[in-house]
Amino acid sequence: MIMWLPKGSGGAKHSVSSPARAGLIVGLVLSTAAMTPRGASSAPVAPLPDRADAAAAAPARDGRYTLSLKHKAAIPAFARKYSLACSACHTTWPELNNFGQVFKDNGYQLMNEKDSPIQQSNSYWPIAVRTTPQWHMETTTNQPIDNVAGDPLAGQHAGTVTQQGFDLSGIDFLMMGTLYKNISFQLVTTLDPDGSAGIEAANVRFDNISNNSWFNVKMGKFELDNLISEKRGEFLSNNGGMYQNYHYQPVSSTVAFGLGDNQLGLELMGHNKNSYTRYTLALLSTTDGTPGFPAGTGKGMDVMFTLSQAWAVQSLGLMRVGVFGVLGKSSTASPTSGGEPIPGMANGDKSFTRFGVNANLTFGDFEVLPYYMIASNDKALTDGTPTQNAKWNSAVVEAHYVVNPRLMFMGKWQSVKMTDQYDPGTPSTQGNIDGLALGLRSYFFMFSRDGLALHVEYAYTNSVGIFPLSEDGLGDPGTSLPNPPLTEATTVKSSSLLIALDFAF
Amino acid sequence: MNTARAQTASVGKLTGNAAQGKKYYQRFCVGCHGVDGDGSGENAPWIEPKPRDFTAAVFKCRSTPTGTLPTDQDLYDAVSRGFVNTNMPSWFPLMEQTRVDLVAYIKTFSPRWEKEKPGTPIVVPPETPVTKASVLHGRELFSKMECWKCHGPAGHGDGPSASTLTDSKDNPIRPYNFSAGMRSKCSTTNAELYRIFMTGVDGTPMPSFVDNLTPADAWDLVHYLRTLQPAQGVEAATWHEWLQSAPAPSMGTGGGR
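Residues numbered from 1 in each chain as written. Chains lettered and ligands numbered in written order. Predicted model: local features only at pLDDT ≥ 70, side-chain atom pairs only at ≥ 80, totals over all residues.

1. Considerations on the overall build of chain A
Here is step 1: When you go through chain A residue by residue, the secondary structure sums to 4 helices and 23 strands.
Here is step 2: Across chain A, every contact between residues at least 6 apart in sequence was considered, and the portion connecting residues at least 24 apart equals 69%. (Helix = DSSP H or I, 4+ residues; strand = E, 2+ residues; numbered from the N terminus. Contact = placed C-beta atoms within 7 Å.)

2. With respect to the overall build of chain B
Here is step 1: Looking only at helices and strands, chain B has 10 helices and 2 strands in total.
Here is step 2: Counted from the first residue to the last, chain B has its helices and strands arranged as β-β-α-α-α-α-α-α-α-α-α-α.
Here is step 3: In summary, chain B has a C-alpha radius of gyration of 19 Å against a globular reference of 18 Å for 257 residues, a match within 12%.
Here is step 4: Looking at chain B as a whole, 45% of its 257 residues qualify as buried.
Here is step 5: Long-range pairs, those at least 24 residues apart, make up 64% of the contacts in chain B between residues at least 6 apart in sequence. (Rg over C-alpha atoms; globule rule 2.2 N^0.38 Å. Buried ≥ 20, exposed ≤ 12 C-beta atoms within 10 Å, placed from the backbone.)

3. What about the packing of helix 8 (residues 190-199) of chain B against helix 9 (residues 215-227) of chain B?
All names here are of chain B.
Here is step 1: Look at helix 8 against helix 9: their axes get within 9 Å of each other, and the N-to-C directions meet at 120 degrees. In terms of orientation, helix 8 lies oblique with respect to helix 9. Judged by the sense of rotation from one axis to the other, the crossing of helix 8 with helix 9 is right-handed. For the pair formed by helix 8 and helix 9, the contact residues are Asn190, Leu193, Tyr194, Phe197 and Met198 on the first element and Ala218, Trp219, Leu221, Val222 and Leu225 on the second.
Here is step 2: Tallied by class, residues from the contact of helix 8 with helix 9 come to 9 nonpolar, 1 polar and no charged. (Axes fitted to C-alpha atoms, helices over the stretch in contact; angles between N-to-C directions. Parallel < 35°, antiparallel > 145°, perpendicular 65-115°, else oblique. Left-handed = near helix turned anticlockwise from the far one by under 90°. Nonpolar A, V, L, I, M, F, W, Y, C, P; charged D, E, K, R; others polar.)

4. Description of the environment of Ala78 of chain B
All names here are of chain B.
Here is step 1: Mapped onto the elements of the fold, Ala78 is located in helix 3 (residues 72-81).
Here is step 2: For Ala78, a count of 24 C-beta atoms within 10 Å translates into the label buried.
Here is step 3: Along the chain, Ala78 and Lys60 lie 18 residues apart, while their C-alpha atoms are 9.4 Å from each other.

5. Some words on the nonpolar core
Here is step 1: Grouped together as the largest cluster of nonpolar side chains are 85 residues, with contacts concentrated most on Val103 and Leu221 of chain B.
Here is step 2: Split by domain, the residues of this core number at least three in each of domain 1 (3-115) and domain 2 (132-245) of chain B.
Here is step 3: Counting residues in each nonpolar core, the second largest holds 23 residues, with Leu224, Met242, Tyr246 and Tyr371 of chain A among its members. (Core = buried A, V, L, I, M, F, W, Y, C linked by C-beta atoms within 7 Å. Domains from an automatic or database assignment.)

6. Topic: the domain arrangement of chain B
Residues and elements named next belong to chain B.
Here is step 1: For chain B, the assigned domains are domain 1 (3-115) and domain 2 (132-245).
Here is step 2: Of note, the centres of domain 1 and domain 2, computed from C-alpha atoms alone, are 26 Å apart.
Here is step 3: Taken together, the contact pairs 17 residues of domain 1 with 19 residues of domain 2.
Here is step 4: When grouped by side-chain class, the residues that make up the side of domain 1 that touches domain 2 number 7 nonpolar, 6 polar and 4 charged.

7. Digging into the interface of chain B and chain A
Here is step 1: Contact with chain B, which involves 22 residues of that partner, is made by 23 residues of chain A.
Here is step 2: Contributions of two or more residues to the side of chain B that touches chain A are made by helix 1 (18-28), helix 2 (30-33) and helix 4 (96-106) of chain B.
Here is step 3: Class assignment of the residues belonging to the side of chain B that touches chain A gives a composition of 11 nonpolar, 8 polar and 3 charged.

8. Points about the environment of Gly165 of chain A
Residue and element names in this part refer to chain A.
Here is step 1: Checked against the element boundaries, Gly165 lands in strand 4 (residues 151-167).
Here is step 2: What makes Gly165 exposed here is the crowd of 10 C-beta atoms within 10 Å.
Here is step 3: Through-space distance from the C-alpha of Gly165 to that of Gly465 is 28 Å; in sequence the pair is 300 residues apart.

9. A few points about the packing of helix 3 of chain B against helix 4 of chain B
Residue and element names in this part refer to chain B.
Here is step 1: At a minimum axis separation of 9 Å, helix 3 and helix 4 run at an interaxial angle of 120 degrees. In this view, helix 3 runs oblique relative to helix 4, as classed from their interaxial angle. In this structure, helix 3 meets helix 4 at a crossing whose hand is right-handed. Together, Asp72, Leu75, Tyr76, Val79 and Ser80 of helix 3 and Arg99, Val100, Leu102, Val103 and Ile106 of helix 4 make up the contact between the two elements.
Here is step 2: Across the contact of helix 3 with helix 4, the residue classes tally to 7 nonpolar, 1 polar and 2 charged.

10. Examining helix 6 (residues 132-144) of chain B
Residue and element names in this part refer to chain B.
Here is step 1: For helix 6, with 13 residues, the first-to-last C-alpha span of 18 Å sits near the 18 Å given by 1.5 Å per residue.
Here is step 2: Turning to helix 6, its buried residues number three or more, namely Ser134, Val135, Gly138, Arg139, Leu141 and Phe142. In an axial view of helix 6, the angular spread of the buried residues amounts to 160 degrees, which keeps them on one side of the axis.
Here is step 3: Phi turns positive one or two residues past the end of helix 6, at Glu146, with a value near 60 degrees. (Expected span 1.5 Å × (residues − 1). Arc of directions from axis to C-beta.)

11. Re the confidence of the model for chain B
Residues and elements named next belong to chain B.
Here is step 1: Looking at chain B, the pLDDT average stands at 88 and 93% of residues meet or exceed 70.
Here is step 2: Averaged pLDDT values for the elements of chain B fall to 77 in helix 10 (residues 234-245) and rise to 97 in helix 4.
Here is step 3: Listed scores for the predicted complex are pTM 0.84 and ipTM 0.84. (pLDDT = per-residue confidence, 0-100.)

12. Topic: the environment of Pro405 of chain A
Here is step 1: Within the secondary structure, Pro405 of chain A sits in the loop between strand 17 (390-404) and strand 18 (407-420).
Here is step 2: Spatially, the C-alpha atom of Pro405 of chain A lies 6.6 Å from that of Thr91 of chain A, the residues being 314 residues apart in sequence.
Here is step 3: If we skip the residues at most four places from it in the chain, Pro405 of chain A touches Ser87, Thr92 and Met446 of chain A together with Arg27 of chain B.

13. Section: the pairing of strand 23 (residues 491-504) of chain A
Residues and elements named next belong to chain A.
Here is step 1: Pairing between strand 2 (residues 127-131) and strand 23: 2 bridges, direction antiparallel. Following the sheet pairing, Arg130 is matched in strand 23 by Ala504.
Here is step 2: As judged from the 7 bridges shared by strand 3 (residues 134-148) and strand 23, these two strands associate in the antiparallel manner. Considered in strand 23, the bridge of Glu138 is made with Ser496.
Here is step 3: Bridging between strand 20 (residues 451-464) and strand 23 involves 14 bridges; their strand directions are antiparallel. Within strand 23, the position partnered with Ala453 by the bridge is Asp502. (Pairing = 2+ DSSP bridges.)

14. So, the pairing of strand 16 (residues 366-377) of chain A
All names here are of chain A.
Here is step 1: Where burial is concerned, the two faces of strand 16 differ: the one with Glu367, Leu369, Tyr371, Met373, Ala375 and Asn377 is buried and the one with Phe366, Val368, Pro370, Tyr372, Ile374 and Ser376 is not.
Here is step 2: The pairing of strand 15 (residues 350-363) with strand 16 spans 10 bridges and is classified as antiparallel. By the bridge assignment, Leu361 is partnered in strand 16 with Val368.
Here is step 3: Between the antiparallel neighbours strand 15 and strand 16 lie 2 residues, among them Gly364 with a positive phi of about 65 degrees.
Here is step 4: In this structure, strand 16 lies alongside strand 17, joined through 12 bridges in antiparallel fashion. Note that in strand 17 the partner of Phe366 across the bridge is Tyr401.

15. Focus on helix 4 (residues 98-105) of chain A
Residue and element names in this part refer to chain A.
Here is step 1: The element helix 4 is extensively covered by neighbouring structure, given that 8 of its 8 residues are classed as buried.
Here is step 2: Every buried residue of helix 4 is accounted for by Asn98, Phe99, Gly100, Gln101, Val102, Phe103, Lys104 and Asp105.
Here is step 3: Check the buried side of helix 4 and you find it contacts helix 3 (86-89), strand 9 (263-271), strand 10 (277-285) and strand 12 (317-330).
Here is step 4: Of the residues one or two after helix 4, Gly107 is the one with positive phi, at around 80 degrees.

As C-alpha cells, then:
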C-alpha cells in the first residue's frame, strides 16, 4: 500500500528545489513535525521556505541508495470472513473486479445480513498482512560519480549505477471491515524494512445513509477514488509500480499534492446497486495526507471529484469510463515565530488543477486501462522565478491478459510531457518521462484464506534532466535527495528487474 | 465438468454458454460448491448452511412444482439474489451474460438436465386485498396447517419440531425465523412468499401446499406472515389495528403480538 521512502526521510513532503531536480513526490509520507503553537495569527508573514529545506532538516538517510519499494492492497481477511476466494473480488489480486468494487462501495459488506461483527465468530479478527520477499536489480544511467572515490572535490563524471540483490518490501497490516451494520472502517499500518512504522489509511465510513447507496460519507485518511488505483495496481517494481503522473511535479514546483498519495479529508460517495454508476466528492486538507498540520500548509482545502459510468457489453465485458478533477490549493506564505513558519498557518493560497479521463475496458480476457490527464500549477507555486503557469499532460495505457484467476500477463506504457515550464528558460523537455513495464503474476494457490504469487516484472523509465520518480540511482547525502543528471538535457534511463514472492494472509 | 453434458441456458434474450460459465464458476463458485459441483468446496466445512450440491439437481428456490427441475430463470434469479443469512452472496454485480453462463455450467453437473425438462412454473394470481379478515384467516391457517410446529407460535423458527429437522443430506436445518427480517432465501416480495407455499422448498422439510391451499388461502397466509416480520407494512398496520380493537389472541398456535 505504500511507496516506501528512503530510510530516515523523516516524513517531510518535499518538492524539488533546483531546476535540475523535479518530479519528486513519492507516496505516503508521515509527518514528524511538531504541532503548531496556538494563537499566533497576527505574526508577520514571510515567504514559505523551500520544502526541500524541510527534507534536508530531516534525519539523514543511513544509506546512499534509495530503492523505493511499494506495496498494494489485498485483503484475505474478507475472504476468510465470507469464505470467498480472492478471485471473487479481484481480477487477480490486488486489482478489484466489479463484484469487489460493489463490496467495497457497500462499505465492505455483502449485504447478506452477515456483515456486522456481531454476526461473526468471536475469533474473527479483520486483519491481513502482505509482504513481498524479492530479488531485484535497479540500473540508472547518467548518475554523478566521483572521479576519485571518496573525494567529491576531485570532480564528477556521469556513470551508471547498478544495484541488485535480495531485498524486502515493507509489511502492510490491513485492517478493514464493519464496526456495525453500515458503519465500516479502514486501518492500514505499515512497517518499513528498516523498522519504521506508519499509518497509511485510517478512516470511518457511514454507509448507505438513510438506506440510500448514493449517500456514503467517510472521514480520515484514505486513498482517492482513482478509477485506476495505484494501491491496487498489479505492478510492483520500482519503476513499473508507480503511476508517474500520480506523483509528478514539474521542475521547481512547491506543490506537494499527489493523486496517488492517500489524503486526509472527508469524502462523499455514491453508487447504484451494481456500482455501474459511481461518484465521489472529496474535501481534502492541503497536507497531501501528512497529519499534524505540517509547516507550509494552511486552512485551504483541495476538492476532488470523480464520476464514472460502466456499461455491460455482454459479448465482451464491462466497459467503465470516468472523469475526474482536482481543484487544489497550495500556500505561498506563512506567519512565522522566531523566523520559522508556524505549522498549519500558511496562507497566500494559489491554485493547481488536475483534470482527466480514464477507463477500464474489458474485452473477454483482455483488460485495457487508459488514462489521460492535463495538469496546471499556478505560476506562484515555484521556488524559482514565477513567470508563467506550469502545464503538462500525461497518459497511461495499461493492459492485462487474464489467462485465469491464477495467471496474468501485464504491460503498462506511460508518459508525462511538459507543455509550459514555470520558467520559459528551462529546457522544454526537462521533466519529461516515458516508461514501459512488462510482467506476469502466477499464483501458486489462491484460497479463501491466503494467496501466494510469483511476480516477475521488468520496467524502465526515461526521464529528462531529472532523477527517476522511483528514486533509483545515486542518493545525495547532503540533501537527502537522489541526484539529477549532470546536465539538464540529459536523459536518465532507469530500469528495474524484479522477481518476487508476493503473499497475503 | 462433464463435457458430455454440455448445456446452455436461456434467460430473456441471453443464451448461456457452459464452457464460458466454467471459467466464471472457477473464479466465483468453486470455493464453496467444489470442482465437481457437489457442494464440497474447500470452504464447505466452515459454512452453515452447506453449499448446494448441484449433482443432485435439487433446488430450494423455484417457480416450478415440487420435485421438478427449476427453470433457467429460477437459477438466474437465485444467483442474482443470493441467499440471505447464508454465505451465498448476491452476484448481481456480475454482468447478466456472466450469470447466464454460470447457470448453463451449473446444469452440467447433473444428468437430470438431460433427461428431464423444467417443471411448468406455478402461476401466481393477483394478490387479494389486505384486510383484517385476510390476516385473521391467515392466522387460522398458520395454526391449522401446523406451520407453528416448525416455525414456532410467533414465527421465530423455534417450534417444537425445529430442533429435529434435517435437509435431504441429513444436515441439520433450521426453519425460517420470520422475525429476523423481511427477506428469506427464496423471497423478498409477497408474490415470492406466496410461491414458496405452492412449490415447497425442495431438499428441506418445507413441503408444497399446492394441494392444501387455495390461492385465496395462500394470500391470506402471506398477509399474516408479514405481521410476524419487523417491517411495518400494510399487513402489520392492519394487524395492529385489529389488535387495538380486539381481545388479545391466544398465543398457543400463532399470533405475533
